[in-house]
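# Observations on chain architecture
So the chains spell out like this:
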Amino acid sequence: MKKKTNAAKARNEKKRQARRRRKSFGRSLITILIIGVVAVALLYFGRKGIRALMMLEEHQFNVTKILVPKKGMEDQGTARLCWAYTGLSMLEAEMMRIGKEPINLSEAYIAYYNSLDRCQYSINNEDARWNFGGCLADVWETIKRHGVVPEEYMAYSSDQRHHQMNIELTGDDGLIARTRWAIAKGDERDEKMCRKNIVVAHERCFDEPPAVVAFNEDSVSPQDFWAQIGLDVNDYVQVTSVTNVDYGKWVTMDYPDHWRKVKCLNVDLDKMMELIEKSIAMGYTVAWDGDISNWNFSYHFQNGFAKLAGKKERWVSPEVRQRALDNAKTWDDHTLLVVGTAKDENDNDYYLMKNSWGKQLPNGGMLFVSPAYVRYRTVMLTFHKDVLKDVLK
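Residues numbered from 1 in each chain as written. Predicted model: local features only at pLDDT ≥ 70, side-chain atom pairs only at ≥ 80, totals over all residues. Heavy atoms only, no water.

With that settled, consider the overall build of the protein. Looking only at helices and strands, the protein has 13 helices and 12 strands in total. For the protein, with 393 residues in total, the buried portion stands at 46%. Relative to all contacts within the protein whose residues are 6 or more apart in sequence, the contacts with residues 24 or more apart total 75%. As displayed, the protein has an accessible area near 20,700 Å², and 52% of this comes from carbon and sulfur atoms. (Helix = DSSP H or I, 4+ residues; strand = E, 2+ residues; numbered from the N terminus. Buried < 20%, exposed > 50% of the residue type's maximum accessible area, 1.4 Å probe, protein only. Contact = heavy atoms within 4.5 Å. Areas by Shrake-Rupley, 256 points an atom, 1.4 Å probe, with all protein chains shown as cover.)

Set out below in structure tokens:
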């Protein structure tokens, strides 16, 4: 009996190996076919052929609710200022919500003062790295300290200026490093000169910020201008969902651009998604901070949407989301403003999000993003505190 049993096991093992070989051959054949199709498209159609291949999946979207007009799409260029565009777009939407005429606010003004603050932080913390990046908390903190001005008083400058300032500030011979060396040597004169040159570099990049602006037939400071708008930046709260901290507790998201260490309220993943729905239903936009450096985004965004592939599009558990955060597969690299909801031709739900990459993209620069993508790729969200009354205890 043993011999027969062993022979049967051997036959079954051979069958399994044969199945594995067939599967492996099938995968290899599919890979070869895909490479061949791409090569043919590139050979005969150039970049347009590749673009056509990447845009095979298309959807027809029907907007079911929108909180802001589909106009005024701005372009951040190559500067890492999406956080400033999203934060100020959120405030402009808030003006409309409270019945005021929206004022186009200056991203350059916010970026100027936030960058100076980050330079100081980088001087004091040798491990910190300065760049133009940021998060929504930087908008709120800058407005608290410096107010804000209309766009017409301090418009976005050229990408070339931003690149030049980056060269002047960073690196072993940059102004930030030189300021550190002057402090270490106790050279107050050199330190003062370096700090002055940092300000000069900012003024060359952004222009000098105005001391007064005209508003309501009066000349007012940027702080008074903000006060007359009637909004309070303390009304906006950051929320996230992680499994390694108790729900209801506050957590700091450890990313380079979250250098101010502002805390986020940690909630259950389902609750986080419910809050988005609640916010939109109440007429409040939501600022989304998350990951776009992934295949699911890059494959689809040229058609104006973002979704996950396969089973993840149907369901993303808190554990799957946490693994992506822990392994840096979900990273803090872009911000968008959730301004409404939509459905595709198959009645699938999407969020309508305002981007800052100009209006030349599909949907005039708006993006349709699936709830599964939001569950998986969100780092944090910013809500008005009125939406969070049942969780802010």
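Another aspect to go through is the pattern of salt bridges. Under the criterion given, the structure shown has 17 salt bridges. Here Asp-257 and Arg-80 are joined by a salt bridge, their closest N and O atoms 2.8 Å apart. Of this pair, Asp-257 sits in the loop between β5 (250-252) and β6 (263-266) while Arg-80 sits in the loop between β1 (62-66) and α2 (82-97); the two residues are 177 residues apart in sequence, bridging distant segments of the chain. With its nearest N and O atoms 3.3 Å apart, the salt bridge here joins Asp-390 to Lys-271. You can see Asp-390 sitting in the segment after β12 (378-384) and its partner Lys-271 sitting in helix α9 (residues 269-282), a full 119 residues away along the chain. (Salt bridge = Lys/Arg side-chain N within 4 Å of Asp/Glu carboxyl O.)

With that settled, the discussion passes to helix α12 (residues 318-326). Residues Arg-321, Gln-322, Ala-324 and Leu-325 constitute the buried set of α12. Along the axis of α12, the buried residues cluster in a sector spanning 160°; they form a single face. Considering only its buried residues, α12 is in contact with β4 (236-240), α9, α13 (371-377) and β12. Taken from the residues just after α12, Ala-328 is the one with a positive phi, measuring 60°. (Arc of directions from axis to C-beta.)

Direction of pairing for β4 relative to β6: parallel, over a ladder of 2 bridges. Within the sheet, the bridge partner assigned to Thr-240 lies in β6 and is Asn-266. Two elements, β5 and β6, share 3 bridges in a ladder whose sense is antiparallel. From the neighbouring strand, Trp-250 faces β6, where its bridge partner is Leu-265. (Pairing = 2+ DSSP bridges.)

So, about the nonpolar core. Counting residues in hydrophobic clusters, the biggest one holds 56 residues, and the most contacted among them are Leu-91, Ile-143 and Phe-206. With residues near it in sequence (within four places) discarded, Leu-91 still touches Leu-105, Trp-140, Ile-143, Trp-226, Leu-231 and Tyr-236. Counting 34 residues, the second-largest nonpolar core is a separate cluster that includes Val-239, Ile-276, Trp-288 and Ala-306. (Core = buried A, V, L, I, M, F, W, Y, C linked by side-chain atoms within 4.5 Å.)

Moving on: the packing of aromatic side chains. In this structure the tally under the stated criterion is 13 aromatic pairs. Ring geometry for Trp-140 versus Tyr-236: centroids 5.0 Å apart, planes at 25°, classification stacked. In this pair, Trp-140 is assigned in helix α4 (residues 136-146) and Tyr-236 in strand β4, connecting sequence segments 96 residues apart. Residue Tyr-236 is classed as buried on the basis of its relative accessible area of 5%. Seen in terms of ring centroids, Phe-215 and Phe-225 are 4.9 Å apart; in terms of plane orientation they differ by 85°. Their pairing is edge-to-face. Linking Phe-215 in strand β2 (residues 213-215) with Phe-225 in helix α8 (residues 222-229), this pair joins segments that are 10 residues apart in sequence. Each member of the pair, Phe-215 together with Phe-225, is buried. The cationic tip of Arg-375 hangs over the ring face of Trp-315; the distance from NZ or CZ to the ring centre is 4.2 Å. (Phe/Tyr/Trp six-rings, centres within 6.5 Å; stacked < 30°, edge-to-face > 60°. Lys NZ or Arg CZ within 6 Å of the ring centre and 35° of its normal.)

This paragraph deals with the packing of helix α3 (residues 107-124) against helix α7 (residues 188-206). At a minimum axis distance of 11 Å, the contact between α3 and α7 shows a crossing angle of 155°. With respect to α7, the element α3 is oriented roughly antiparallel. Between α3 and α7 lies a crossing whose hand is right-handed. Across the interface between the two elements, Ala-108, Ala-111, Tyr-112, Ser-115, Leu-116, Cys-119, Gln-120 and Ile-123 from α3 touch Arg-195, Ile-198, Val-199, His-202, Glu-203 and Phe-206 from α7. For the contact of α3 with α7, the per-class residue count stands at 9 nonpolar, 3 polar and 2 charged. (Axes fitted to C-alpha atoms, helices over the stretch in contact; angles between N-to-C directions. Parallel < 35°, antiparallel > 145°, perpendicular 65-115°, else oblique. Left-handed = near helix turned anticlockwise from the far one by under 90°. Nonpolar A, V, L, I, M, F, W, Y, C, P; charged D, E, K, R; others polar.)

Mapped onto the secondary structure, Asp-235 falls in the loop between α8 and β4. Not counting residues up to four positions away in its chain, the partners in contact with Asp-235 are Phe-383, His-384 and Lys-385.

Below, the discussion takes up the confidence of the model for the protein. On average, the protein scores 86 in pLDDT, and the residues at 70 or more come to 82%. Under a pLDDT of 50 for its full length, residues 47-55 has, in the predicted model, 14 contacts with residues more than four places off or in other chains. (pLDDT = per-residue confidence, 0-100.)

Once that is clear, we can look at the pairing of β12. Counting buried residues in β12 gives 7 out of 7 residues, a clear majority hidden from the surface. Bridging between β4 and β12 involves 4 bridges; their strand directions are antiparallel. Pairing of Val-239 across the sheet is with Leu-381, part of β12. For strand β7 (residues 286-290) and β12, the ladder comprises 4 bridges, and the chain directions are antiparallel. Considered in β12, the bridge of Ala-287 is made with Thr-382.

Before going further, it helps to spend a moment on helix α5 (residues 159-169). Buried residues of α5: His-162, Met-165 and Leu-169, and no others. The buried residues of α5 occupy an angular sector of 65° when projected down its axis, which confines them to one face. In α5, the exposed residues that point more than 90 degrees away from the buried face are Gln-160 and Ile-167. Tucked inside the fold, the buried residues of α5 contact α3, α6 (175-185) and α7. Gly-171, located one to two residues past α5, shows a positive phi value of around 90°.

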